Amino acid sequence: MKKGLVILSAMLIATMVGSGIFMSRSEVNANETHDNNLSVSKRQSTVVGNLDIVKLYMNDYYNQQEDRIVEGREERTIRIWTPKTYNPQDTSKRYAVLYMHDGQNCFDDATSFCGEWGIDETITEFMEQRGYDGTIVVGIDNSNYREPEMKPNWVNEESLADRYADFIVNTVKPYVDANYNTYTDYKHTGVGGSSMGGLISFYMAMKYPEVFDYEVCFAPAFLFVSTETVADYMARHNLANRNQPRIYMFCGGMDLDAQLVGYVEPMKNAIIANGYDPNKVVTNIDMSKGHNESAWRIYFKPAYEWLLGL
C-alpha cells in the first residue's frame, strides 16, 4: 500500500512540473494546515531589528468557488521591518522603502515555511559596515489566492493581480508613508519578490514607473507571459519615454528554476529591443542554485548592492 502511494505521489508531482503548474516553498506556505502553521510559529524568531505586524484590508478579493472577483473586506497581514537604529520620534531622518511579496518569508525563520531571505540581516550589515542609511522593508503576506494575485493579465489589466497591485500602491504605501519616517518619492521606493512574486514585481514596476524606481526580480515566472505581450504593454504605456525602474533578475538552474531560467535572457532582450535602457537591466544566472529562500538570501545582497549603487 505504501509503495503504491509513493508511486502515485511521484506521478502527480511529475504531472504538475511537466505542465508548468508548480508551487515554490513560498507558495506552499499559503496553503499550510493550521497544525503546520502552529509548528512553524514555535520556531525561535530570527528577526534583527524591529518588526511591526499590522492588518490592512483589500476591498476586492477572489472567490475561488465562483472563479470571480467580488467586493469585500479581506484582511491582509503586513509586516513592516525597520532597522534597530530606527527612531520614530526623529522625523528628520527618512528612509527608503522596499515592498516585498510573501512577507512571511522575508525576515523570520519563525514564520517562513523553509528558511528566510535574511533581508533584515543584509540591510543591517550594509548599515553597520558601509555606512548605508537604511531601508524600511514592507512584507505583504500571501493569501490563499497567491497565483491569481500574482499572475497579471497584461491585455485588459483587470485581473486580481491588478487589484492586488493597486492595494499595495493605494492602501499599503499610503499607510506606511503616514506612519513611518519614509521618503515617499519613487526614487526611494522599490518592489520585489520571487517566482510568481518576481513576475508581479516586474509587472508592478512597469505599471507604476512613477511609484517604483527599482525591482528585485528573482526566479520570475515569465513562462506565464510572452515577450510579445510585454512589448505590446510597453508600447501602450509609452514606457520607452517614462521612468524606467532598475531591474535585477536572478535565476537558478536547479529543480523548479530549470523551468524558468530559459525565459530570463529573452525577456531582458525583449524589453531592451522595445526601448528599455540596457544599463538598467541586469541578469544573474547561477545554474547551481535551486528555487528556494537560501538561494534568494545569497543573491539578495549583490542585487541590492547594484540596485542602490552601494
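Definitions and limits used
Residues numbered from 1 in each chain as written. Predicted model: local features only at pLDDT ≥ 70, side-chain atom pairs only at ≥ 80, totals over all residues. Heavy atoms only, no water. pLDDT = per-residue confidence, 0-100. Contact = heavy atoms within 4.5 Å. Axes fitted to C-alpha atoms, helices over the stretch in contact; angles between N-to-C directions. Helix = DSSP H or I, 4+ residues; strand = E, 2+ residues; numbered from the N terminus. Parallel < 35°, antiparallel > 145°, perpendicular 65-115°, else oblique. Left-handed = near helix turned anticlockwise from the far one by under 90°. Nonpolar A, V, L, I, M, F, W, Y, C, P; charged D, E, K, R; others polar. Phe/Tyr/Trp six-rings, centres within 6.5 Å; stacked < 30°, edge-to-face > 60°. Buried < 20%, exposed > 50% of the residue type's maximum accessible area, 1.4 Å probe, protein only. Lys NZ or Arg CZ within 6 Å of the ring centre and 35° of its normal.

**Side note on the confidence of the model for the protein chain**
Then step 1. Residues of the protein chain with pLDDT of at least 70 account for 85%, and the chain-wide mean is 86.
Then step 2. Across residues 1-41 the pLDDT falls below 50, and counting only partners more than four positions away or on other chains, this stretch makes 50 contacts in the model.

**Digging into the packing of helix α7 (residues 196-207) against helix α8 (residues 227-236)**
Then step 1. At a closest axis distance of 11 Å, the pairing of α7 and α8 adopts a crossing angle of 20 degrees. Taken as axis vectors, α7 and α8 run roughly parallel relative to one another. Relative to α8, α7 is oriented so that their crossing is right-handed. Contacts from F202, Y203, M206 and K207 of α7 reach α8 at V230, Y233 and M234.
Then step 2. Taken together, the residues of the contact of α7 with α8 sort by class into 6 nonpolar, no polar and 1 charged.

**Overview of the packing of aromatic side chains**
Then step 1. Within the structure shown, the criterion is met by 17 aromatic pairs.
Then step 2. Here F250 and Y299 contribute two aromatic rings whose centre-to-centre distance is 4.2 Å and whose plane-to-plane angle is 15 degrees, an arrangement assigned as stacked. With F250 in strand β7 (residues 246-252) and Y299 in helix α11 (residues 293-308), this residue pair connects regions lying 49 residues apart in the sequence.
Then step 3. Note on Y299: relative accessible area 14%, which makes it buried.
Then step 4. Here a set of aromatic residues connected by ring pairs shows up, and it is made of W117, Y214, F218, Y248, F250, W296, Y299, F300, Y304 and W306.
Then step 5. Looking at K93, its charged tip hangs above the ring of Y95, at a distance of 4.8 Å from the centre.

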